[in-house]
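Examining the three-dimensional arrangement
These are the residues of each chain, in order.
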2 protein chains.
Amino acid sequence: MVMQLDNFFRPRSVAVIGASRNPAKIGHVIMKNMIDGGFHGRVFPINPEAKEILGYRVYKSISEVNEIIDLAVIAVPAEFVLKIIDECNKKKIKDVLIVTAGFGEVGNHKLEEQLKDKLDKYGMRCVGVNCLGVFDAHHKFDTLFLPRYRLTRPKSGGISFVCQSGAIGSAILDIAAYNGYSFSKFVSYGNATQLDESDFIEYLLHDESTKVICLYAEGIKNGEKFFETLKKTTAVKPVIVLKGGLTDAGMKATVSHTGSLAGNKDVFYGVLNQTNAIRADSLEEMFHIAALFEKKVDFANNRIQIITNGGGYGIVTTDAIAGSKHLRMADMSSITAGEIKKKAPPHMNVGNPLDLLGDATTERYRDTLNLCLADKNIDGILLIALYQTPLLTTEIVEVITEAHRNSKKPIVVVSTGGEFTELLSKSLMERGIPVFNFPTETITALDKVVNYQLKHKHVKVITTSVKEEKIILGKLKTKPKAKPKPKAAKKKKK
Amino acid sequence: MVMQLDNFFRPRSVAVIGASRNPAKIGHVIMKNMIDGGFHGRVFPINPEAKEILGYRVYKSISEVNEIIDLAVIAVPAEFVLKIIDECNKKKIKDVLIVTAGFGEVGNHKLEEQLKDKLDKYGMRCVGVNCLGVFDAHHKFDTLFLPRYRLTRPKSGGISFVCQSGAIGSAILDIAAYNGYSFSKFVSYGNATQLDESDFIEYLLHDESTKVICLYAEGIKNGEKFFETLKKTTAVKPVIVLKGGLTDAGMKATVSHTGSLAGNKDVFYGVLNQTNAIRADSLEEMFHIAALFEKKVDFANNRIQIITNGGGYGIVTTDAIAGSKHLRMADMSSITAGEIKKKAPPHMNVGNPLDLLGDATTERYRDTLNLCLADKNIDGILLIALYQTPLLTTEIVEVITEAHRNSKKPIVVVSTGGEFTELLSKSLMERGIPVFNFPTETITALDKVVNYQLKHKHVKVITTSVKEEKIILGKLKTKPKAKPKPKAAKKKKK
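Below or above, wherever it landed, is the structure these notes cover. Predicted, not measured: the structure shown is a model, and the values here were computed from it. (Residues numbered from 1 in each chain as written. Chains lettered and ligands numbered in written order. Predicted model: local features only at pLDDT ≥ 70, side-chain atom pairs only at ≥ 80, totals over all residues. Heavy atoms only, no water.)

Attention now moves to the sheet that holds strand β10 (residues 155-163) of chain A. Residues and elements named next belong to chain A. Strands sit in the order β9-β8-β11-β10-β12-β13-β14 across an open sheet of seven strands; the sheet is mixed. Edge positions in the sheet fall to β9 (141-142) and β14 (278-279), since each of these pairs with one other strand and no more. Where strand β8 (residues 133-136) meets β9, two bridges bridge the pair, whose relative direction is antiparallel. Pairing of aspartate 136 across the sheet is with phenylalanine 141, part of β9. (Pairing = 2+ DSSP bridges. Helix = DSSP H or I, 4+ residues; strand = E, 2+ residues; numbered from the N terminus.)

Here's what the structure looks like:
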């Protein structure tokens, strides 16, 4: 049974309980952003004292509304929440999103338990409490109570972000939007009073527009459920996880933030490893990894060819690949090398990294890129394009785009620079090609992407010597620790 | 004896040998950028076939110029370079900058050796060959032959960058300028035919406007000289080093790039450790570290207080500090905690991280920031300001600036976001406060900065227990491996 959470992301009708005329109040900002965001459904503001808010008729209570309400967004003080839940139940509302704080995270555990009991008794689903709510870029539904001029909303795409912390969620959405990343769904779920990280991941597993799932969590509500959910989800799409509170000091801090009890670091890393979830070691890295998946970077194997017009960049990237866990420097075929040599200037060395030199023209990029993409010894290209040199014309954008369109092999671009570089990089991003600023950080992210893909596809990883080839599949058969019935162990091939 | 390299960075008169009327030629671009850059000295273009270039009278040969020439910038094909050096010697020019490629890096070792012999015989100093040249932001001298619309020149400040690779140098200058970093001197020295990385570092040691030195090197020409130079330089100012070609694959690539033979990784790391140079593990990290030094972040000890309006950010940062090698979470005094509690809302926990909550006002930041700065248990502040929340007004810029002005303790800001955030972050940067995008990467850089400062000052590092205190000085007394006369071992206190 799939948990049906559509009402949270694309409700047809929403009641905003605690809607306000005062622009400084959360209940006002939620209304405003929902309307400004272009939401297509109906909106019913609830407030016993107001008549009209932002041009919408206000209802004294939820019982006054004569239509079916898919979702109640609740923004009233903590002490009124239980009463509101009773009213929502009477009105047969099954889905509530409670932004209100003042529960377990400030020590008010009793109130939070009462709330949970009530929700369970009524069979209601709940996002929150103490959360920022949801944003759906495809369905233009937005409960985030932060001004649009301060928090840029991203355009629609394939990244979904499940985030326990509202501040991390909003800051990351903002910078990601600014850098041209595109999103499907975002949910800030706060204390996870009822619905938890696993519920959202499971929902996103079945969400077609979600291509990659990012999770920032401070506590895991139910370890076994989390394990199972990750395992079945990563079989279909990647899940990248960053865990807050993995150190003793960090753990202490989570208690007062989302009331979470964070677990042991090694156990947690073990869970990620066994479920083929991807561990991010920082927020920046999480979104580097997500961008590679969102841009459909898909490796059939792990042999990377570097093409560059900066020798030093080629070397730094080579060092990063050599120091990575799962990537390998490609060894191009002699045929490819011969073809490249035919057109190359005499002072150019042909190898990996392939340094096209400071006088590299767009044409030289075109020739070598296409030859490398056609080489069966090469699984993907790390293309470094430094636009500071005058012979590299802006047509390079077309050259890369065309090569990307005509080949199934991934091209990942690294370009470092100022305004001119940003302009070209954004053009490439818009054409579906992932572009990053720095080589080492790109390789770190790519390493994790390729590892996931090869484990996922059960591909034989090509190592330095053919004899050393390992079948990654074998690793997957390791029995998960805390699992009594390891079903995977019996699976072979149906 | 200090190597006197002023002529390379602020010559009074320059000959451009190989100057050209053709805008596509390097000899033209060098002329143009030198003039457009606002260079105050005299410029003498040399070209046997032209009469005027960019409004400047052209001389057929260097011997035709009747004035003293401080520096010759040479941009003629490799086969003519030896002849030009002879002419420069006749003209009594002592300093030459040779951008020309086609020497050791393409296997033409013989020509490069001949050149070196000639330079030594004549007692000439040489930057290059196969290089991009120099840029001095304070003296507006610029030989970089890359268009100004593609490579933004940074404004004047305290970072100096010694870079073997021209492409890395130019790309980094460009992105650093774009992000508001400011520079003193930049030199791309290519094959290091004569002057090498150690010569430039020594020169920058004595350069007052240089506050921090960055080095990207592929080969170290003279290990002992490098060791000695680093040791005496880091006693005065920080040197951050990124080495290309530390892996076997990377090493192979350096040979064809700058003809360098890269050394063993462990030996190299050992040298950096023994000389108190700072190892950067990526280009991005190198400039994070440099920015902290350039903004005069100076720690008396290692106890950090986190102040945040995002709980999750506080936790992620706490995890990073707990996982760092040299930083420690500060433990504020009970007096400070009491004062903060007096003004704090009831639902706010007082501790470290100090979470000012999502409803944090600018006033709440002011109060807590000033109280923490005054606490003797706190050595510096990691201040997280997420501008997505409406109660944090733009006046926060003034609050942080004022606190920074009135306290000797460093404040490092982390802000993640889009356009609105960028605006406020740039304002802070201009006021001398370092601002970064992501917490984890900031802590990684800060860890290295604080380690340098404490070793440098021989400060007792405060560890979890007072009993565990270690005197870093002891570590410094370790005998350097490849050194026959370890003078440092006898030094105590004069």
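There's more to say after this.
All names here are of chain A. Inspection of the secondary structure assignment puts lysine 295 in the loop between α10 (283-294) and β15 (303-308). Buried within the structure, lysine 295 lacks any salt-bridge partner; glutamate 294 is the closest side chain of opposite charge, at an N-O distance of 4.1 Å. Of note is the side chain of lysine 295, whose polar atom sits 3.0 Å from the backbone oxygen of methionine 429. If we skip the residues at most four places from it in the chain, lysine 295 touches Met429, Gly432, Ile433 and Pro434. (Buried < 20%, exposed > 50% of the residue type's maximum accessible area, 1.4 Å probe, protein only. Lys, Arg positive; Asp, Glu negative; His and termini not counted. Salt bridge = Lys/Arg side-chain N within 4 Å of Asp/Glu carboxyl O. Polar contact = N/O pair within 3.5 Å; in protein donor to acceptor, adjacent residues only side chain to side chain. Contact = heavy atoms within 4.5 Å.)

With that out of the way, let us pick up the sheet that holds strand β7 (residues 125-128) of chain A. All names here are of chain A. Taken in spatial order, the five strands of this open sheet run β2-β1-β5-β6-β7, and their pairing is parallel. Because the sheet does not close on itself, it has two edges, and the strands there are β2 (42-46) and β7. Across the sheet, the mean angle separating the axes of adjacent strands is 20° when strand polarity is ignored. As defined by bridge partners, strand β1 (residues 13-17) adjoins β2 across five bridges and the pair is classed as parallel. Among the inter-strand pairings, valine 14 is bridged to a residue of β2, identified as valine 43. Strands in contact with helix α3 (residues 81-90) are β1, β5 (71-74) and β6 (95-98); relative to β5, the strand with the most contacts, it is inclined by about 165°. (Axes fitted to C-alpha atoms, helices over the stretch in contact; angles between N-to-C directions.)

Note on the copies: chain B fits chain A at an RMSD of 0.0 Å, the axial shift is 0.0 Å, and the rotation between them is 180°. Taken together, the rotation and translation relating the two chain copies correspond to the operation of a two-fold axis. When each C-alpha of chain B is compared by its distance to the rotation axis, glutamate 441 of chain B comes out closest, at 5.4 Å. (Least-squares fit on C-alpha atoms with pLDDT ≥ 70 in both.)

Moving on, we come to unusual backbone geometry. The residue after glycine 128 of chain A, namely valine 129 of chain A, is reached through a cis peptide bond having omega 0°. Note on placement: valine 129 of chain A falls in the loop between β7 and β8. With an omega of 5°, the peptide bond between asparagine 352 of chain A and proline 353 of chain A qualifies as cis. Secondary-structure assignment places proline 353 of chain A in the loop between α12 (334-343) and β17 (354-355). Phi is positive for leucine 357 of chain A, which is not a glycine, with a value near 75°. With respect to the secondary-structure elements, leucine 357 of chain A resides in the loop between β17 and α13 (362-373). Residue leucine 357 of chain A is classed as buried on the basis of its relative accessible area, which comes to 19%. One non-glycine residue, lysine 140 of chain B, lies in the positive phi region at around 50°. Note that lysine 140 of chain B resides in the loop between β8 (133-136) and β9 (141-142).

Attention shifts here to the pairing of strand β15 (residues 303-308) of chain B. If a strand is regular, its side chains alternate between the two faces of the sheet. Residue and element names in this part refer to chain B. Among the six residues that make up β15, six are buried, leaving the element largely enclosed by the rest of the structure. Neither face of β15 is open: one carries Arg303, Gln305 and Ile307, the other Ile304, Ile306 and Thr308, and all of them are buried. Note that β15 and strand β16 (residues 328-329) share two bridges and pair parallel. Residue pairing across strands places arginine 303 opposite arginine 328, the latter belonging to β16. You can see the chain leave β15, run along helix α11 (residues 311-322) and come back into β16, and the turn it takes is right-handed. Inspection of the sheet shows β15 paired to strand β18 (residues 380-384) by five bridges, in the parallel sense. Bridge assignment links threonine 308 to a residue of β18, and that residue is isoleucine 384. As defined by bridge partners, β15 adjoins strand β17 (residues 354-355) across two bridges and the pair is classed as parallel. Paired with isoleucine 307 across the bridge in β17 is leucine 354. (Right-handed = clockwise from strand over helix to strand, strands pointing away.)

Nothing here speaks to function; it is geometry throughout.
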